[in-house]
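Coordinates in review
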Amino acid sequence: MDFNPSPEVAELRERVLDFMDAELYPQEREIMEALDEEVGPGVPYPENLVAVREKARNDGLWNLFMPDERFGPGLKNWEYGLLCEEMGRSPMAAPMAFNCSAPDTGNMEILVDHGTDEQKQRFLQPLLDGEIRSCFSMTEPEVSGSDPTTLQTKAELVDGEWVINGHKWFTSGANGADFAIAMVVTDPDAPPYTRASMILVPVESPGFELIRNVSVMGHDQGPGHCEIRYTDCRVPDSNLLGERGAGFVIAQDRLGPGRIHHCMRAIGTAERAIEMMCKRANSRDSFGGPLADKQFVQDFVAKSRMEVDQARLLTLYAAWQMDTEGKRRARQAISMIKVVAANVVMDVLDRAIQVHGSLGMSDDTPLAGMWRFMRMLRVADGPDEVHKMVIARRELNRAARKAETPDSDGPRHAPVSGTDGSAEPAKATT
Ligand SMILES: Cc1cc2nc3c(=O)[nH]c(=O)nc-3n(C[C@H](O)[C@H](O)[C@H](O)COP(=O)(O)OP(=O)(O)OC[C@H]3O[C@@H](n4cnc5c(N)ncnc54)[C@H](O)[C@@H]3O)c2cc1C
């Protein structure tokens, strides 16, 4: 494994960093406030962010996530991961600036792979052009989101239209979105993993009702994490995305890349938190000397550096494995990084807040906002416990197989990735 970026990627990374220095950080706070105040129906982005996005697009820093060269630079997952880390330094504003934010990225990827020509024209192209935003509507309040085979929202085909009835929540970004990709049950009598399909639902469809932005840790503004009711909501039958009953298969397609993106952004957030923690420790005096001289604080800094560097290498490894051996072979590594990166970023942010004292708890630095934003990562896209469950299952199955065939020429050392057929948590939400 060689994680030295190619000259092309190294140059892109420099340009992303320069762009963030020049265009983003100086107005990061204003952009966050404008997102809260201006976004709403028909307004996907606030004015100040639209201006930044236009510059990014003109500079060719656009759709960098797209592995398909027709639509983006065609980077490998680990290469884009390096850029994602830099964007994670400003985890909400930067991905939006470069048209690389979830859930649009995952939605664009599955539209490229599964959309019809008509769907690509109506839904994909305006997303690629940054004219609209979209959302992914899967989790329901009444059933466990960790186990989407329990989904209840149904769609029935009536006179050439899908009629959708159900209740969703935590549909991120629905406020100001143009359409949702809804995961709904179309074939209730089929086996659990072929019951659901994905349907494209423009928000102006009759029966689509955005009830509220759910307040998340005191925040209910901006694109939001929305509660939505579908009541006899009608869309043409041509809005089915991919095959009928293929909802879980398509969801799996979003899983790997989406998780790498989340994890690398988390690492970028943690890097910025370490920088801020060190700066504060070096400049703040207490009990006769700088905080940097106190061993408790040094412990915070050292632990953070060790954990972030470990998490980065494991995440790049997962991305590299996906690039070289495919998504299926990389599943174990992807589950592992999802747990590791989500916890490392929270631990590092917590230490950085602690070193800043009351300033760290305030919104005068980005730390508190980053903490609120990142906490979701331990829950969304498969909670920690579900990932640990499948990691352990694969490990246990591998050991059981080995015990059954002790003379086999299996690997002498545990592979970093699992390769058995155990169930993947089929979450692909953000
Ligand atoms: C900020 C945020 C944004 C989100 N965005 C989206 C989105 O855009 N679209 C979307 O569809 N969904 C989204 N989600 C929903 C998210 O994917 C679900 O919350 C997640 O899948 C967990 O489902 P649940 O909330 O129903 O928890 P449950 O399934 O009820 O689980 C609750 C807890 O039970 C424990 N648990 C569950 N299963 C096991 C197990 N097998 N072993 C041990 N413990 C277990 C875990 O600790 C888990 O956290 C978002 C969530 C958040 C917080």
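In the block above lies the structure referred to throughout.
Residues numbered from 1 in each chain as written. Predicted model: local features only at pLDDT ≥ 70, side-chain atom pairs only at ≥ 80, totals over all residues. Heavy atoms only, no water.

1. Thoughts on the overall build of the protein
Here is the rule we go by: Only DSSP runs of H or I reaching four residues or more are called helices, and only runs of E reaching two or more are called strands; each is numbered from the N terminus. Note on method: radius of gyration uses C-alpha positions; expected globular size equals 2.2 Å times residues raised to 0.38. When accessible area is computed with a 1.4 Å probe and restricted to protein chains, residues below 20% of their type maximum are described as buried, those above 50% as exposed, and intermediate ones as partly exposed. Only heavy atoms enter the contact rule, under which two residues are in contact if any of them lie within 4.5 Å. Using the Shrake-Rupley algorithm and a 1.4 Å probe, accessible areas are obtained, with residue cover drawn only from the displayed protein chains. Neither His nor the chain termini are counted; the positive set is Lys and Arg, and the negative set is Asp and Glu. The atom standing in for a charge is NZ when the residue is Lys, CZ when it is Arg, CG when it is Asp and CD when it is Glu.
Check the secondary structure of the protein and you find 13 helices and ten strands. In terms of C-alpha radius of gyration, the protein reaches 22 Å, essentially the compact-globule figure of 22 Å for 430 residues. Principal axes of the C-alpha set define a box for the protein whose edges measure 80 × 65 × 45 Å. The buried share of the protein, reckoned over its 430 residues, is 53%. Taking as baseline every contact in the protein between residues at least 6 positions apart, the subset at least 24 positions apart corresponds to 74%. Element-wise, carbon and sulfur atoms account for 51% of the exposed surface of the protein, whose accessible area totals about 18800 Å². Charged side chains in the protein number 47 positive and 67 negative. The centres of these two groups are separated by 5 Å.

2. What to know about the packing of helix 6 (residues 104–114) against helix 8 (residues 247–283)
Basically, it comes down to this: Axis definition: a line fit to C-alpha positions, over the contact stretch in the case of helices; interaxial angles, taken between N-to-C directions, run 0 to 180 degrees. Between 65 and 115 degrees an angle is taken as roughly perpendicular, under 35 as roughly parallel, over 145 as roughly antiparallel, and anywhere else as oblique. Handedness of each helix crossing follows the sense of rotation of the near helix against the far helix: counterclockwise by less than a right angle gives left-handed, clockwise gives right-handed.
Orientation of helix 6 relative to helix 8, taken along the N-to-C sense of each, is 140 degrees, at an axis distance of 9 Å. Between helix 6 and helix 8, the angle falls in the class oblique. Remark: the crossing between helix 6 and helix 8 carries right-handed chirality. Only Ile250, Asp253, Arg254, Pro257 and His261 of helix 8 make contact with helix 6, whose side of the interface consists of Gly106, Asn107, Glu109, Ile110 and His114.

3. A few points about the side chain of Gln119
To be explicit about the condition: We call two N or O atoms a polar contact when they sit within 3.5 Å, provided that within protein one can donate a hydrogen and the other can accept it, with sequence-adjacent residues counted only if both atoms are side-chain atoms.
As for its position among the elements, Gln119 is in helix 7 (residues 117–128). What makes Gln119 buried here is its relative accessible area of 2%. In terms of polar contacts, Gln119 uses its side chain to reach the backbone amide nitrogen of Thr116, at 3.0 Å. In contact with Gln119, other than residues within four places in its own chain, are Leu111, His114, Leu124, Leu200, Ser238, Asn239, Leu240 and Leu241.

4. Considering the environment of Ser144
On the secondary structure map, Ser144 appears in the loop between strand 1 (134–137) and strand 2 (154–158). Residue Ser144 is classed as partly exposed on the basis of its relative accessible area, which comes to 40%. Residues Ser144 and Arg53, spaced 91 residues apart in sequence, show a C-alpha to C-alpha distance of 37 Å.

5. Observations concerning the pairing of strand 7 (residues 225–236)
Put simply, the test is: DSSP calls a pair of strands paired once it identifies at least 2 bridges connecting them.
In the sheet, strand 3 (residues 161–172) pairs with strand 7 via nine bridges, with the strands oriented antiparallel. Of the residues in strand 7, the one forming a bridge with Gly166 is Tyr230. As judged from the five bridges shared by strand 6 (residues 208–213) and strand 7, these two strands associate in the antiparallel manner. Its bridge partner lying in strand 7, Asn213 is registered against Cys226.

6. Remarks on the pattern of salt bridges
Condition: Salt bridges are defined by distance alone: a side-chain nitrogen of Lys or Arg within 4 Å of a carboxyl oxygen of Asp or Glu.
Considering all chains together, one arrives at 23 salt bridges under this definition. Here Arg15 ties to Glu11 by a salt bridge, and the two come within 3.7 Å at their closest N and O atoms. Taken together, the positions of Arg15 and Glu11, both in helix 1 (residues 7–24) and four residues apart, correspond to about one turn of that helix. In this structure Arg15 comes out as partly exposed when scored by relative accessible area, which is 29%. Where Arg272 meets Glu28, a salt bridge forms, and the shortest distance between an N and an O atom there is 2.9 Å. Pair noted here: Arg272 is in helix 8 and Glu28 is in helix 2 (residues 28–38), with a separation of 244 residues, a long-range link. Residues Arg272 and Glu28 agree in their burial class; the two are buried. Here the residues in one salt-bridge network are Glu85, Glu271, Arg305, Asp309 and Arg312, joined through shared partners.

7. Comments concerning the site of the ligand
The criterion, for reference: By convention in these notes, a residue is near a molecule or strand provided one of its non-hydrogen atoms lies within 4 Å of it. Three classes are used: nonpolar for Ala, Val, Leu, Ile, Met, Phe, Trp, Tyr, Cys and Pro, charged for Asp, Glu, Lys and Arg, and polar for all others, with Gly counted as polar.
Of all residues adjacent to the ligand, which total 22 residues, the nearest are Thr139, Ser144, Gly145, Ser146 and Phe170. Interatomic distance of 2.7 Å between a backbone N/O atom of Gly145 and an oxygen atom of the ligand. In isolation the ligand has 970 Å² of accessible area, and contact with the protein removes 72% of it. Elements represented by at least two residues in the shell around the ligand include exactly strand 3 and helix 13 (384–404). Of the residues belonging to the shell around the ligand, the class tally is ten nonpolar, nine polar and three charged.

8. Section: the nonpolar core
Across soluble globular proteins, nonpolar side chains show a tendency to be buried alongside one another. Where we set the bar: Side-chain atoms within 4.5 Å are what join buried Ala, Val, Leu, Ile, Met, Phe, Trp, Tyr and Cys residues into a set we call a nonpolar core.
Ranked by size, the top nonpolar core spans 94 residues in total, and within it Tyr80, Phe98 and Met198 carry the most contacts. No other element matches helix 8, which puts 14 residues into this core. Apart from residues no more than four positions distant in its own chain, Met198 is found in contact with Ile110, Phe136, Ile181, Ala182, Met183, Asn239, Leu240, Leu241, Gly247, Ile250 and Ala251. Grouped together as the second largest cluster of nonpolar side chains are 18 residues, Ile164, Ala174, Ile199 and Cys226 included.

9. Observations regarding the side chain of Glu307
Its location among the elements puts Glu307 in helix 9 (residues 295–325). Apart from residues no more than four positions distant in its own chain, Glu307 is found in contact with Val344, Asp347, Val348 and Arg351.

10. Some thoughts on helix 13
What counts, and what does not: Expected helix span is computed as 1.5 Å times (number of residues minus one).
With 21 residues, helix 13 extends 30 Å between its outermost C-alpha atoms, agreeing within 8% with the 30 Å of an ideal straight helix rising 1.5 Å per residue. For helix 13, the complete set of buried residues consists of Asp384, Val386, His387, Val390, Ile391 and Arg394. For helix 13, the secondary structure elements touched by its buried residues are helix 8 and helix 10 (331–356).

11. Some thoughts on the pairing of strand 1
The two faces of strand 1 match: Ser134 and Phe136 on one face and Cys135 and Ser137 on the other face are all buried. Inspection of the sheet shows strand 1 paired to strand 4 (residues 179–185) by four bridges, in the parallel sense. Looking at strand 4, one finds that Cys135 is bridged to Ala180.

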